[in-house]
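# Geometric and topological summary
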Amino acid sequence: MTHQGGDEIVGLYRVRGDVNMELFQRKDAEADYAMAIQYLEGPDGYKADPVELPLSRLGRARAVRSLGSAATPTQALQASNDYEIYFLISQEDNYDDTTITKSSSGDTTFFSEAIIDGIQRNPYAAWEWGMVNRVAQNYDKAAEIHRLAANAFEEIGDKPRSVICALDRGLDLASGLDSSVWR
């Protein structure tokens, strides 16, 4: 048993989670990231390095994402929540406005300006977020995330990934159709 404070143990669990991801031990990685998050949300969590929480959230989300369709809907929902928190807390700017915004087409989007900014900064994680929402059967949310990721990839000049995200959006939209339409 260690006598270190929770803020010091956090980094150990997160790094072990990273190592487990490299070793393709996804379930062990998910458990390690969960322990890091538990310590971060505990009494000494505020003392930890501020990067630990976003990295631990992203790590756990990616561990679940790597399970693909073998992830349970509950795991996929947790991963979706982790991605959302990652995008909110990893921002350099402090956003007071967490209200939903309008997309360029005038449609209301699910996400705050802070999350949209996070998607612009890390469209790769955004694509992953869309994929776990598909596993969780949140097809409308997955489609919107993939639309935003496609735009972000387009803005950085990554046309192939933009097209992949647009195709994934089409799959999300098709998956969300009411089955009675096909009868």
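Residues numbered from 1 in each chain as written. Predicted model: local features only at pLDDT ≥ 70, side-chain atom pairs only at ≥ 80, totals over all residues. Heavy atoms only, no water.

Opposite charge on two side chains makes pairing possible when the charged atoms of those side chains draw close. The final tally for this structure, using the stated rule, is 15 salt bridges. One continuous salt-bridge network, built from bridges that share partners, spans Glu41, Arg57, Arg60 and Asp82. (Salt bridge = Lys/Arg side-chain N within 4 Å of Asp/Glu carboxyl O.)

Attention now moves to helix H1 (residues 6-22). Helix length check: H1 (17 residues) gives 24 Å between terminal C-alpha atoms against 24 Å at 1.5 Å per residue, within 8%. Turning to H1, its buried residues are Gly6, Ile9, Val10, Gly11, Arg14, Gly17, Asn20 and Met21. In this structure, the buried side of H1 is in contact with helix H2 (26-40) and helix H3 (52-65). After H1 finishes, the residue Phe24 shows a positive phi value of roughly 65°. (Helix = DSSP H or I, 4+ residues; strand = E, 2+ residues; numbered from the N terminus. Expected span 1.5 Å × (residues − 1). Buried < 20%, exposed > 50% of the residue type's maximum accessible area, 1.4 Å probe, protein only. Contact = heavy atoms within 4.5 Å.)

Further remarks concern a nonpolar patch on the surface. Taken together, the side chains of Val15, Val19 and Leu23 make up a nonpolar region of the molecular surface, amounting to roughly 250 Å² of accessible area. Residue position: Leu23 is located in the loop between H1 and H2. For Leu23, a relative accessible area of 53% translates into the label exposed. (Patch = residues over 30% accessible without salt bridge, like charges linked within 9 Å, V, L, I, M, F, W, Y side chains within 5 Å. Areas by Shrake-Rupley, 256 points an atom, 1.4 Å probe, with all protein chains shown as cover.)

All right, on to the side chain of Arg60 then. Topologically, Arg60 is positioned in helix H3. What makes Arg60 buried here is its relative accessible area of 11%. At a separation of 2.6 Å, a polar atom in the side chain of Arg60 contacts the side chain of Asp82. Non-local contacts of Arg60, meaning those with residues more than four positions away in its chain, are made with Glu30, Tyr33, Ala34, Ile37, Gln78 and Asp82. (Polar contact = N/O pair within 3.5 Å; in protein donor to acceptor, adjacent residues only side chain to side chain.)

Moving on, we come to the nonpolar core. Membership of the largest hydrophobic core comes to 24 residues, with the highest contact counts inside it found for Tyr83, Phe87, Phe111, Ile119 and Trp129. At the level of elements, H3, helix H4 (73-89), helix H5 (113-121), helix H6 (123-135) and helix H7 (139-155) are the ones that each hand at least two residues to this core. The leading source of residues in this core is H7, at six residues. Filtering out sequence-adjacent residues up to four positions away, Phe87 remains in contact with Ala114, Ile115, Gly118, Ile119, Asn122, Ala125, Ala126 and Trp129. (Core = buried A, V, L, I, M, F, W, Y, C linked by side-chain atoms within 4.5 Å.)

Structurally, the position occupied by Tyr39 is in helix H2. The sequence separation of Tyr39 and Gly5 amounts to 34 residues, and the corresponding C-alpha distance is 9.2 Å. Among all residues touching Tyr39, those that are not within four sequence positions of it are Gly6, Ile9, Val10, Tyr13 and Gly45.

With that settled, consider the packing of H6 against helix H8 (residues 159-175). Axis separation between H6 and H8 bottoms out at 11 Å; the angle between their running directions is 15°. When the axes of H6 and H8 are compared, the pair comes out roughly parallel. As for the relative orientation of H6 and H8, their crossing is left-handed in sense. Contacts between H6 and H8 pair Tyr124, Trp127, Met131 and Arg134 from the former with Arg161, Ile164, Cys165, Asp168, Leu171 and Asp172 from the latter. (Axes fitted to C-alpha atoms, helices over the stretch in contact; angles between N-to-C directions. Parallel < 35°, antiparallel > 145°, perpendicular 65-115°, else oblique. Left-handed = near helix turned anticlockwise from the far one by under 90°.)

Take it as geometry only, folks, not as evidence of what the structure does.
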